[in-house]
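Overview (structure and organization)
Okay, here's what each chain looks like letter by letter:
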Amino acid sequence: MRFLDRRVGESPIFVGRSSEFVRLATALDDALENRGRLVMLAGEPGIGKTRIMEHLASRAEAQGASVLWGWSYEEEGAPPYWPWMQLIRAYIQGKAPDRLISDFGPGASDVAALVPELRQALPDLEPSPPLEPEQARFRLFESITTFLKNAARTQPLMLVLDDLHWADGPSLLLLQFLARVMADSSLLVVGAYRNMELSREHPLSKTIAQVSRQPFCNFELLSGLSRQETGSFIEAFTGFTPAQDQVGSIYSHTEGNPFFLSQVITLLSNRKTLSPDSMEIPQRIEIPPGVRGIIGQRLNGLSPQTAELLTIAAIWGREFDYRQLGILDTGLTAEKLLETIDEGLAARLIEELPGGRDRYRFTHSLIQQVLVEDLSASRRMRLHLRAAEALASLYGPNVEAHASELAHHFAEGDPALATGKQAHYSLMAGEQTLASNAYEEALRLFVRGLAAKEGQSMDAESSALLFGLGKAQAATHQRREAVTSLTRAFDYYADSGDVGRAVAVAEYPMTPGVGRVRLTPLVSRALQLLPPATPEAGRLLARHGWCLSTETGDFQGARQSLDQAMAISQKTGDLELELQALGTAAQLDLYTLRLEDCKAKSFRASEVARIVGDLKAETMAHISGWSAMGGLGEYDRCIEQMAAGLGLAERLRDRTLLVTTLWQNSMLSLDPGRHSARLFSDRGLELASSDALLLGSRALLEHQAGFSVEGEAYLDRLVDVMVSSAPGPTFEYLIPAFIIPMASLPHYREPRPARNGPASCRDCSGVSFFCATHGDVGQRRIGPAGPSTRR
Ligand SMILES: Nc1ncnc2c1ncn2[C@@H]1O[C@H](COP(=O)(O)OP(=O)(O)O)[C@@H](O)[C@H]1O
Ligand SMILES: [Mg+2]
């Protein structure tokens, strides 16, 4: 048979699918002409998703595009962002450093944190300034998508994301992010998934809902080949023309699913039921029901040793290597092992992975799944445990780099034997995953580690797991849960006298917020553990001041803490501490409308931030300085401040700061046509489509420019945001409360005539709005904490 004889590199058969392929080829043509396209390809297992993407990939390459593949696998244990890591790795291979520098741009060091090969290729990369988790992830996503768009400028890129139903949550978020920004790029992204495995809660369902809003996204659903195509398939597969009755029988058993077809044909051919000489009557073609039966029959045709070996290999996952089998004490000599692998290859149950090096993979995920599922639960657990222990000894001192893989095998292993190890490796893997900004994955690992410790009394390991869990919860917006986990970790450290760790928990950079979930108590308790007037106490005092002013409205208490922190910084000459205290104190002055004080502190903060090289603090200082100067009527200086502030935020690529500085710039663009105001506002809304400040000021701007329909549309969006946000007092409540009355004033409904010469600041709706926020409304503070900075 042709199929069985196929040599590596020979192109496999491709039957039918003409209309689907035409649509895919059109998407490819669009991408080649700089109109980015995303195609989501759905269908049951074995229906031919991977095959049609391979076929499209050959066409893309023939038309000058470069194709990169990223696979997801069912088994856990791969690092987060695995499909993306594979794509990027493949891209880097063989590229000159200069080319990489221009493709990756300023985001290179963020990507290098994920893909070590990039750091090896560019060893002199400067690390990026650290950011808070949410911002760090935004920056990572921005770096990766910018790189992909850049790279596609030199040579169009087709990205294939196969088996997305198994992708980790963070990888899916990255796909959503890319879908938002790829419209004008030479990128074709094709994602394949099994639609029948998607519940509404499945993370991919959310991704599909998100990406389907893009006009350049299409869905393609593959169904079985027709009866006629089934005949062509059999012919192409075997090299001879089957009898019509045989085709009919095979078609009715397989419904034209190409994977089932290939299995059935191989089985029947092995039994000599289907051959050029046998035109047996169809009734005698016995095809076992279902895919499990068919694969089971094919495995029965193997020698017992090979069947056993493949079962063990399936425990490793869809891919495995010779070395892994070797360490598993299979009782086979090296020679026998190779013989069994050869038998699996000949039966086309496994195939060699490109690049050689003794790596193999099951030809279809269904084969691996059936093998694993056929094992009894106890045998499966024993095999996982054996795998985990073998890996631990194989990796030796490098075991940390493989923590996720070990955590997976220990978790699947016999709980009675694996508990201690499971918690240990889950903690290790969770911390690594957290460091690569894959918070949802980290959360899962910490939860799993804690589950392994259930029923035991708290110890250092469970509190480390809780600390990790708290960080992952904070990064995924679960504030209440985060504070509970952090407090439990803190309690253990405080009670056991581990002051260093207790303080680290209290210092974890979670942003204080309004509402019932408060960080203030944790920070107050941590303060009691430290001797006063030390630099450590100073840092906590500064944080205490921030928490108090934001969470409780105790401005006096906040000021006291900040003064103490400042005094310590002056005594010890600790500039970083001074900066921390100054930044918060400037905010506090703004809340309490001490605008001159705020301005002075912001200047000093910006100076110190430059000395210590803290880009984030410098941007924040510009933001508070802008507010103060605006309130004082110093608009020209305001404009200078904000242009510089935006430049800093762009270097830092912190999303919140970018949005804030874009908003501020949009408010102060004074050209009568307001083109630049709109441009800033558009950029901001692209990053944060439901930001109340941006929507509110944009509504006013449109009204004042005479575009009342647009103005109303922005107001509607603003009201939607308000309705769906938590109860106030928050920005989301404050802004509509006075934007709506302002927008209805006749003043805002009359377009301003364009004038010759420079416009005055007072002509700008943004400035009027700004005076309102910092003047009248500011004085009539809403709620005890004043306008919050919650976003
Ligand atoms: N249109 C087709 N023509 C020929 N063979 C196909 C076709 N579609 C799929 N196959 C073969 O059927 C098997 C299963 O297809 P695959 O693309 O792996 O399915 P899926 O990715 O949907 O699970 C593979 O061996 C593949 O080469
Ligand atoms: Mg597939």
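A brief report on the enclosed structure follows. Just so you know, these numbers come straight off a predicted model, no measurement behind them. Every residue gets a number counted from 1 within its own chain, in the order that chain's sequence is written. Each chain gets a letter, beginning with A, and each ligand a number, beginning with 1, in the order they are written. At least 70 in pLDDT is required for a residue's local features to be given in this predicted model, at least 80 for side-chain atom pairs to be given and counted, and no such filter applies to totals for whole chains, interfaces and linings, which use all residues. Side-chain metrics rest on all non-hydrogen atoms present in the structure, leaving aside hydrogens and water.

Let's talk about helix 8 (residues 133-154)
Only DSSP runs of H or I with at least four residues qualify as helices, and only runs of E with at least two residues qualify as strands; both kinds are numbered from the N terminus onward. By this rule the span expected of a helix is its residue count minus one, scaled by 1.5 Å. The terminal C-alpha atoms of helix 8, which comprises 22 residues, lie 32 Å apart, in line with the 32 Å expected from a rise of 1.5 Å per residue. Throughout, exposure labels follow a simple rule: accessible area from a 1.4 Å probe, protein chains only, divided by the maximum for the residue type, with under 20% read as buried, over 50% as exposed, and the rest as partly exposed. Helix 8 sits mainly inside the fold: 16 of its 22 residues count as buried.

As for the packing of helix 33 (residues 655-667) against helix 34 (residues 675-687)
Axis geometry follows a simple rule: fit a line to the C-alpha atoms, using only the stretch in contact for helices, then measure angles between N-to-C directions, giving values from 0 to 180 degrees. Following both chains from N to C, one finds helix 33 and helix 34 inclined at 155°, their axes separated by 8 Å at the closest point. As summarised for this structure, helix 33 and helix 34 are arranged roughly antiparallel, according to the angle between their axes. You can see that helix 33 and helix 34 cross each other, and the crossing is left-handed. On helix 34, the residues that touch R655, L658, V659, L662, N665 and S666 of helix 33 are A677, F680, S681, R683, G684 and L687. Each residue belonging to the contact of helix 33 with helix 34 can be placed in one class, and the counts come to 6 nonpolar, 4 polar and 2 charged. Should an angle lie under 35 degrees it is considered roughly parallel, over 145 roughly antiparallel, and from 65 to 115 roughly perpendicular; all remaining angles are considered oblique. Note: crossing handedness is left-handed where the near helix turns anticlockwise from the far helix by less than a right angle, and right-handed where it turns clockwise. Between two residues, a contact is recorded if the distance between any of their heavy atoms is within 4.5 Å. Here the term charged refers only to Asp, Glu, Lys and Arg, the term nonpolar to Ala, Val, Leu, Ile, Met, Phe, Trp, Tyr, Cys and Pro, and the term polar to all other amino acids, Gly among them.

A word on the site of ligand 1
Any residue with a heavy atom positioned within 4 Å of a molecule or strand is treated as near that molecule or strand. Every one of the 16 residues lining ligand 1 counts as a neighbour, but V15, G46, T50, R51 and H364 are closest to it. Here R51 contributes a backbone N or O atom positioned 2.8 Å from an oxygen atom of ligand 1. H364 places a polar side-chain atom, nitrogen or oxygen, 2.6 Å from an oxygen atom of ligand 1. The fraction of the free accessible surface of ligand 1 (550 Å²) that becomes covered by protein chains is 88%. Top element by residues in the shell around ligand 1 is helix 3 (residues 49-62). It accounts for 3 residues. Its residues placed into classes, the shell around ligand 1 shows 8 nonpolar, 4 polar and 4 charged. Any pair of nitrogen or oxygen atoms within 3.5 Å is treated as a polar contact; in protein, a donor-acceptor pairing is required on top of that, and neighbouring residues in sequence qualify only through side-chain atoms on both sides. Method for areas: the Shrake-Rupley scheme with a 1.4 Å probe, in which residue coverage is limited to the protein chains shown.

Some points on the packing of aromatic side chains
Centres within 6.5 Å make a pair out of two Phe, Tyr or Trp rings, where for Trp the six-membered ring is used; the pair is then stacked when the planes are under 30 degrees apart, edge-to-face when over 60, and tilted otherwise. What the rule picks out here adds up to 16 aromatic pairs. Considering the side-chain rings of F320 and F362, the 5.5 Å spacing of their centres and the 50° angle between planes classify their relative orientation as tilted. Of the two residues, F320 is situated in strand 8 (residues 319-321) and F362 in strand 10 (residues 359-362); the sequence distance between them amounts to 42 residues. Across this residue pair, the class does not change: F320 and F362 are buried. Between F467 and Y508 the ring centres are 6.4 Å apart and the planes differ by 85°, which places this aromatic pair in the edge-to-face class. Here the residue F467 occupies a position in helix 23 (residues 460-475), and Y508 occupies one in the loop between helix 25 (499-507) and helix 26 (520-529), the gap between them amounting to 41 residues. You'll find F467 and Y508 in the same group, each marked buried. A positively charged side chain is recorded as over a ring if its NZ (Lys) or CZ (Arg) lies within 6 Å of the ring centre. The angle to the ring normal must also be within 35 degrees. Sitting over the face of the ring of Y91, K95 holds its NZ or CZ atom 4.0 Å from the ring centroid. Taking the ring centre of W71 as reference, the NZ or CZ of R361 above it sits at 5.2 Å.

Overview of the pairing of strand 10
Across 3 bridges, strand 8 lies against strand 10 in antiparallel orientation. Each bridged residue has a counterpart across the sheet, and for F320 the counterpart in strand 10 is Y360. Between any two strands, at least two bridges found by DSSP are needed for them to pair. Inspection of the sheet shows strand 9 (residues 350-352) paired to strand 10 by 3 bridges, in the antiparallel sense. If you follow I350 over to strand 10, its bridge partner there is F362.

What to know about the nonpolar core
One finds L38, M40, W84, F104, L148, L159 and L164 to be the most contacted residues of the largest nonpolar core, which totals 149 residues. For this core, the element with the highest residue contribution is helix 8, accounting for 9 residues. Apart from residues no more than four positions distant in its own chain, W84 is found in contact with L148, L159, L161, S171, L174, L175 and L178. For this analysis, a nonpolar core means a set of buried residues of the types Ala, Val, Leu, Ile, Met, Phe, Trp, Tyr and Cys, connected via side-chain atoms within 4.5 Å. Ranked by size, the runner-up nonpolar core spans 45 residues in total, among them A347, I350, I367 and L445.

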